[in-house]
Amino acid sequence: HEAVALRSARLEIELLRRQLQPHFLMNTLTALSEWFEAEPAIAAELVQDLGRELRLLAEVSRHTSVPMGTELALCRSHLAVMARRRDETLALDAGGVDVDAPIPPALFHTLTENALTHNVYRGRSAVFRLRQSIAPPPFALRYTFDAPLAPRPRPRPRRRCAGGGSHRRPGR
């Protein structure tokens, strides 16, 4: 029984460690310090969003499965924090998903966070979509998570060098 409790505690710590990325927290706190001076109302809203996300992360980390509704709330909290930080409109459309279905904790939160790490929507709106379907026998639930891709920046033109090659200017 002690071995199971110890393993459970280690998994809980590992989940929290993976989800509380230092750069995310530091960037959010830096944004907060700037907004408290310039726009206190936005700073207060960001504190509420961040607090909600951290409370949900602490809650889900104690379990081996959570209701989909809790996972969706966690994802939406993270999207709210990131939308404020980046001045973007970010949303999650999960219409038709069974909110009572059990899933591993932070599963879709991790996918959402990963999509935001690798895409910058530059003030555009982005809607993440989660769909549920029934797989062929043995009739398991199947989820499809779609994260929008941000437009890729156009490559900068290369300048021709005197030697016939090309290079990019420093800092460009």
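Structural data are supplied above this passage.
What you see is a predicted model; the values in this text were computed from it and never measured. (Residues numbered from 1 in each chain as written. Predicted model: local features only at pLDDT ≥ 70, side-chain atom pairs only at ≥ 80, totals over all residues. Heavy atoms only, no water.)

Student: Just checking my understanding: could you explain the overall build of the protein chain for this structure?
Tutor: For the protein chain, the helix and strand inventory stands at five helices and seven strands. If you list the helices and strands of the protein chain from N to C, you get α-α-α-β-α-β-β-α-β-β-β-β. For the protein chain, buried positions account for 31% of its 172 residues. Restricting the contact set of the protein chain to residue pairs at least 6 apart, pairs at least 24 apart contribute 67%. With the model as given, the accessible surface of the protein chain reaches about 11,200 Å², and the carbon-plus-sulfur share is 55%. (Helix = DSSP H or I, 4+ residues; strand = E, 2+ residues; numbered from the N terminus. Buried < 20%, exposed > 50% of the residue type's maximum accessible area, 1.4 Å probe, protein only. Contact = heavy atoms within 4.5 Å. Areas by Shrake-Rupley, 256 points an atom, 1.4 Å probe, with all protein chains shown as cover.)

Student: When you look at the nonpolar core in this model, what are you seeing that I'm missing?
Tutor: In summary, soluble globular proteins display a tendency toward joint burial of nonpolar side chains. Judged by nonpolar contacts, the single largest core of 34 residues is most densely connected at Leu-90, Phe-128 and Leu-130. Of all the secondary structure elements, the ones that give two or more residues to this core are α2 (22–38), α3 (40–60), α4 (68–86), β2 (89–93), α5 (107–117) and β4 (125–134). The dominant element in this core, judged by the number of residues it contributes, is α4, at eight residues. If we ignore the near neighbours within four places in the chain, the residues touching Leu-90 are Leu-79, Met-82, Ala-83, Leu-116, Tyr-121, Ala-126 and Phe-128. (Core = buried A, V, L, I, M, F, W, Y, C linked by side-chain atoms within 4.5 Å.)

Student: For this particular structure, what's the right way to read the sheet that holds β4?
Tutor: Strand pairing within a sheet occurs via backbone hydrogen bonds; the two strands may be parallel or antiparallel. Within the open sheet, the three strands sit side by side as β2-β4-β5. Their pairing is mixed. Pairing within the sheet leaves two strands with one partner each, and these edge strands are β2 and β5 (141–146). Direction aside, neighbouring strands of the sheet carry axes that sit 10° apart on average. Relative to β4, β2 runs parallel, the two being bridged by five bridges. When the bridges of β4 are listed, Leu-90 appears paired with Ala-126. Sheet strands touched by α5: β2, β4 and β5. Its angle to β5, the strand with the most contacts, is close to 20°. (Pairing = 2+ DSSP bridges. Axes fitted to C-alpha atoms, helices over the stretch in contact; angles between N-to-C directions.)

Student: Quick question: what am I supposed to make of α4 here?
Tutor: Owing to its 3.6 residues per turn, the α-helix brings residues three or four apart onto one side. With 19 residues, α4 extends 27 Å from end C-alpha to end C-alpha; this agrees with the ideal 27 Å at 1.5 Å per step. By the burial criterion, the buried members of α4 are Met-68, Thr-70, Glu-71, Leu-72, Leu-74, Cys-75, Ser-77, His-78, Leu-79, Val-81, Met-82 and Ala-83. Of the residues one or two after α4, Asp-87 is the one with positive phi, at around 55°. (Expected span 1.5 Å × (residues − 1).)

Student: Please clarify how the side chain of Glu-88 should be interpreted in this entry.
Tutor: With respect to the helices and strands, Glu-88 occurs in the loop between α4 and β2. Engagement of the side chain of Glu-88 in a polar contact is seen with the backbone nitrogen of Tyr-121, the distance being 3.0 Å. Dropping the residues within four chain positions of it, Glu-88 is found in contact with Ala-83, Val-120, Tyr-121, Arg-122, Gly-123 and Arg-124. (Polar contact = N/O pair within 3.5 Å; in protein donor to acceptor, adjacent residues only side chain to side chain.)

Student: Mind showing me how you'd approach a nonpolar patch on the surface here?
Tutor: Side chains of Ile-134, Phe-139 and Leu-141 sit close together on the surface and give an oily, nonpolar patch of about 330 Å² of accessible area. Owing to a relative accessible area of 37%, Leu-141 belongs among the partly exposed residues under this scheme. (Patch = residues over 30% accessible without salt bridge, like charges linked within 9 Å, V, L, I, M, F, W, Y side chains within 5 Å. Salt bridge = Lys/Arg side-chain N within 4 Å of Asp/Glu carboxyl O.)

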